Amino acid sequence: MACAVLQPAAAKDGQTILNAKCMMCHTPEGNDALSRISHQRKTPEGWLMSIARMQIMYGLKIEDDDRQTLVKFLSDKQGLAPSETEGLRYAFERRLNTVEQFDEPINQTCARCHSGARTALQRRTLKEWEHLIDFHLGRWPSLEYQAMSRDRDWYGLAHNEVAPLLAERYPLDAKAWSDWQQSKPEAETLVGKWSFAGHMPSKGEVAGTMQVTGGEGDQFKLIVDGEYADGTPFKGQGSAVLYSGYEWRGSVDIGGVAMRQVFAASKGELQGRMFETEHDERGLDFVAAQQGVARVLAVQPGYLKAGSEAQVTIIGSALEGKPLFGPGIQVLEVVAQTSERVTVKVRASADAMAGTQAVSVGAIKGGSLAVYRDISEVRVVPALSIARVGDNGGSTPKVQGRFDAEAWSKDASGQPYRIGIFPATWSVEPFDERAAEDEDVKYAGIMQMDGVFLPGDAGPNPARKMSTNNAGNLKVIAQVDDGGASHKGEGQLIVTVQRWNNPPLP
Ligand code: HEC
Ligand code: HEC
């Protein structure tokens, strides 16, 4: 122990820290293995949560630097392969309005307290899944009476049915992981210039470049230089770490606001979400291609009305050649062209076919432009979302609701297709009679012009019945105007209390 403490942080490797910090409770099993720890695989966030739990529950003392080194060491040695995180990345991307789909036994026994993804992002032996269930019941014995478990034998169900199911579905040993460990690329391959495109709900499209340097020890420095479609700068710098050969986690300061990057790196592409560190509901979908990798990443804006003219920008990387649009769309002028963006004036003829049309630059395919005649439907995105009261002297900030109005149309065969995000006029109404009676609209918060909902203050409100807090159940209404025709879309927003336990995996 003393030896570990005296060495400078950089010189300490993961195994040394593991032995020094964990061995007093976790039994050595030979070959550098420790009981429990060596029989699980998980994401960087999963490892961080386990170690933080050791600190909170068992008084483990560990410096932040050492914890960081350990999370990296364990994620590289016992992480998940890219294919093992597929469809579950919303959890660490902090897309907290995701409505999950798991099967019944997992829903009933596990996914009523936390996300199902927290479970599905781990790999264990049967014995380890059983230990996890035992740990839950030992720690929270009342769980047999809560979370709608009172009418069933929670432990019997979890132990006899759920554990074997999890062991079969999420086993410790998997070809996906051993293959990935053999084939994962070197971190240095990510160094260079990247072109990116993104979309921030209620703010709009963004594009630019990201310069990545370093790579040694899977650590990077980066400079972001971009702009929103409305001209707002999106610039800053920061650093990033690569875990398990593809899990990119960055911290960037964008115009004085701390943001996190949670991306998956694969073959010259970075994809994921970038969000404010203090407000993870404020975030953008992000996709980037490395210099030299020919890709069309986005067409901004991605729609055009038949019979109209517009300026659109094709964002990509290594773009070379003529911009090509579908039938019925004429390129009037190439306004500007670089290898990262091609700005063109286009015109859709009045009889252009309605639907999603392919857009390419020379031989580089992958873009799309929705051509439409009229809007058939407006959808509020997200359709169901949660905002939270906060501030007012408390430790927890408000969690905003952020909405987009997505327009849809129908093609010649009657198939619905997405046109894109439209500007809208926003309002809220009571969701039901209860909400009307409790005056939720008055107390729960304010819907702003830009589709951002600011929830009310935390704490009891003496003006409300029984001094209840500023919770509410609201209908979110988007009114979209298109060439004089008005279209309405509806979603639901539940304004609720603070999230007190807010670990990296929901
Ligand atoms: C003071 C004792 C103590 C120390 C020190 C300690 N642990 Fe633990 N750990 C436990 C106990 C007890 C359990 C089993 C009960 C549980 O899961 O909470 C456990 C379980 C675990 C598990 C399994 C959790 C699960 O989800 O099933 C992991 C992983 C783990 N520890 C990692 C670590 C790491 C890594 C360290 C060192 C940085 C560490 N522990 C240090 C006491 C400790
Ligand atoms: C009564 C509520 C409750 C139920 C039911 C529940 N969990 Fe948990 N679970 C928790 C809490 C609380 C934690 C600790 C969170 C933290 O560390 O912040 C946790 C932690 C976890 C972790 C992370 C542990 C680690 O150290 O890696 C996993 C994985 C997990 N649960 C899976 C499950 C599975 C599988 C089930 C169903 C068999 C389940 N949970 C049922 C409340 C629950």
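The structure under discussion appears in the preceding block.
Described below are features of the structure shown in this document. Each chain carries its own residue numbering, running from 1 in the written order of its sequence. Note on labels: chains are lettered from A, ligands numbered from 1, in written order. Since the coordinates come from a predicted model, pLDDT governs what is reported: local features require at least 70, and pairs of side-chain atoms require 80 or more to be given and counted, while whole-chain, interface and lining totals use all residues. Note that water and hydrogens are dropped before the side-chain values are worked out from all heavy atoms of the structure.

Things to note about the sheet that holds strand 16 (residues 323-324)
Alright, step 1. Strand pairing follows a simple DSSP-based rule, namely that at least 2 bridges must link the two strands. Helix and strand definitions here come from DSSP, where helices need a minimum of 4 consecutive H or I residues and strands a minimum of 2 consecutive E residues; each element is numbered from the N-terminal end. Judged by pairing direction, the sheet is mixed, and its 4 strands sit side by side in the order 14-20-19-16 without closing on themselves. Of all strands in the sheet, those bounded by a partner on one side alone are strand 14 (303-305) and strand 16.
Alright, step 2. Note that strand 19 (residues 355-361) and strand 20 (residues 364-372) share 6 bridges and pair antiparallel. Opposite glycine 355, over in strand 20, you have valine 371 as the bridge partner.

Some points on the site of ligand 2
Alright, step 1. What makes a residue near a molecule or strand is one non-hydrogen atom of that residue sitting within 4 Å of it. The environment of ligand 2 is formed by 20 residues, the closest being Ser50, Cys110, Cys113, His114 and His136.
Alright, step 2. Any pair of N or O atoms that falls within 3.5 Å is considered a polar contact. Within protein, one atom must be able to donate a hydrogen and the other to accept it, and sequence-neighbouring residues count only if both atoms are side-chain atoms. In this structure, an oxygen atom belonging to ligand 2 sits 3.1 Å away from a side-chain N or O atom of lysine 42.
Alright, step 3. With respect to ligand 2, the side chain of arginine 53 contributes an N or O atom lying 3.0 Å from an oxygen atom.
Alright, step 4. Those elements giving two or more residues to the shell around ligand 2 turn out to be helix 3 (44-58), helix 7 (117-120), strand 4 (122-124) and helix 8 (126-139).
Alright, step 5. With 3 residues, the top contributor of residues to the shell around ligand 2 is helix 8.
Alright, step 6. The nonpolar class holds Ala, Val, Leu, Ile, Met, Phe, Trp, Tyr, Cys and Pro. Asp, Glu, Lys and Arg form the charged class, and all remaining residues, Gly among them, are polar. Taken together, the residues of the shell around ligand 2 break down into 8 nonpolar, 8 polar and 4 charged.
Alright, step 7. Viewed by domain, the shell around ligand 2 spans two of them, domain 1 (2-79) and domain 2 (85-182), each represented by three or more residues. Annotation comment: domain bounds sourced from an automatic or database domain assignment.

Remarks on the coordination of the iron atom of ligand 1
Alright, step 1. Counted as coordinating are nitrogen, oxygen and sulfur atoms within 2.8 Å of the metal, or 3.2 Å for Na, K and Ca, while water is not included, which may make sites look incomplete. Within the protein, His26 (NE2) and Met54 (SD) serve as the donor atoms for the iron atom of ligand 1, at 2.1 to 2.2 Å.
Alright, step 2. Only two sets of limits are used to name each site, 85 to 135 degrees for every angle of a tetrahedral four-donor site, and over 155 degrees for opposite donors with all other angles from 65 to 115 for a square planar four-donor or octahedral six-donor site, with any other site named irregular. Between the 6 donor atoms coordinating the iron atom of ligand 1, the angles at the centre fall across 85 to 178 degrees, so the site counts as octahedral. With histidine 26 in the loop between helix 2 (14-22) and strand 1 (28-30) and methionine 54 in helix 3, this pair connects stretches of sequence that are 28 residues apart.

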